[in-house]
Amino acid sequence: MGLRTSVTGVASSLIGLLRTRLELLALEAAEEKTRLVKVLGMAFAALLFVTLAVLVFTVMVAVAFWPTENRYMALGVLAAVYAVLGIGLLLALRRQLLFGPVPFAATIEELGRDADLLARVRAAREEGDEDSDDASDEDVAHSAQSARARRVAAARQVGS
């Protein structure tokens with residue numbers, strides 16, 4: 001009956017632990033979804049308005065330089081500036097994707113702590129099993145250690 005109670009208790013604890021971790025995962029997933037939708041919406045709006053600004057600016061420069069002989073030079077400079085800006089933004093996006101925060105970091109951290117705790121419990125249990133098997137050996141070793149300590153104490157008293 002004691003074994004059944006122990007197994008039931010352990011199973012109940014594991015289910016509670018799993019439930020807590022899944023709730024944390026669901027919470028983090030909802031936060032990540034909200035953050036992603038917000039970032040995508042802002043990125044789309046920013047891209048739309050920057051595209052409009054670039055288009056109007058390009059037309060303005062083209063109209064201003066059209067009567068002159070430098071009109072092709074002006075358009076070439078604009079194209080080069082846009083290319084440099086585009087490449088810079090792509091590199092920044094790549095860096096953000098590669099080195100940005102890890103999704104579900106808190107859940108991963110909690111699961112790592114759980115695994116460490118279970119490993120320590122397992123190690124302690126194995127030590128306890130070895131200790132119970134070697135209890136007589138430890139008693140003998142403890143007795144010998146106590147005898148040595150008494151001899152050292154007696155030698156110190158005699159020497160002083």
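Structure shown above.
A quick note: this is a predicted structure, and the numbers were derived from the prediction, not measured.

Q: What is the right way to look at the packing of aromatic side chains in this model?
A: How two aromatic rings sit relative to each other is set out by the distance from centre to centre and by the angle between their planes. One pass over the full model with this rule turns up one aromatic pair. Ring geometry for Trp66 versus Tyr72: centroids 6.5 Å apart, planes at 65 degrees, classification edge-to-face. Residue Trp66 is classed as partly exposed on the basis of its relative accessible area, which comes to 47%. Owing to a relative accessible area of 58%, Tyr72 belongs among the exposed residues under this scheme. The ring of Trp66 has Arg71 lying over it, and the distance from NZ or CZ to the ring centre is 5.0 Å.

Q: What should I look at first to understand helix H1 (residues 2-65) in this one?
A: The periodicity of an α-helix, 3.6 residues per turn, causes residues three or four positions apart to be oriented the same way. In this model, H1 (64 residues) spans 92 Å end to end at C-alpha, consistent with the 94 Å of a helix rising 1.5 Å per residue. Listed in full, the buried residues belonging to H1 are Arg21, Glu28, Val61 and Ala62.

Q: Explain a nonpolar patch on the surface here, please?
A: Taken together, the side chains of Met73, Val77, Val81 and Leu85 present a nonpolar region at the surface, about 380 Å² in accessible area. Along the chain, the position of Val77 falls in helix H2 (residues 71-99). On the accessibility criterion, Val77 (45% relative accessible area) is partly exposed.

Reading the values: rules and limits
- Residues numbered from 1 in each chain as written.
- Predicted model: local features only at pLDDT ≥ 70, side-chain atom pairs only at ≥ 80, totals over all residues.
- Heavy atoms only, no water.
- Phe/Tyr/Trp six-rings, centres within 6.5 Å; stacked < 30°, edge-to-face > 60°.
- Buried < 20%, exposed > 50% of the residue type's maximum accessible area, 1.4 Å probe, protein only.
- Lys NZ or Arg CZ within 6 Å of the ring centre and 35° of its normal.
- Helix = DSSP H or I, 4+ residues; strand = E, 2+ residues; numbered from the N terminus.
- Expected span 1.5 Å × (residues − 1).
- Patch = residues over 30% accessible without salt bridge, like charges linked within 9 Å, V, L, I, M, F, W, Y side chains within 5 Å.
- Areas by Shrake-Rupley, 256 points an atom, 1.4 Å probe, with all protein chains shown as cover.
- Salt bridge = Lys/Arg side-chain N within 4 Å of Asp/Glu carboxyl O.

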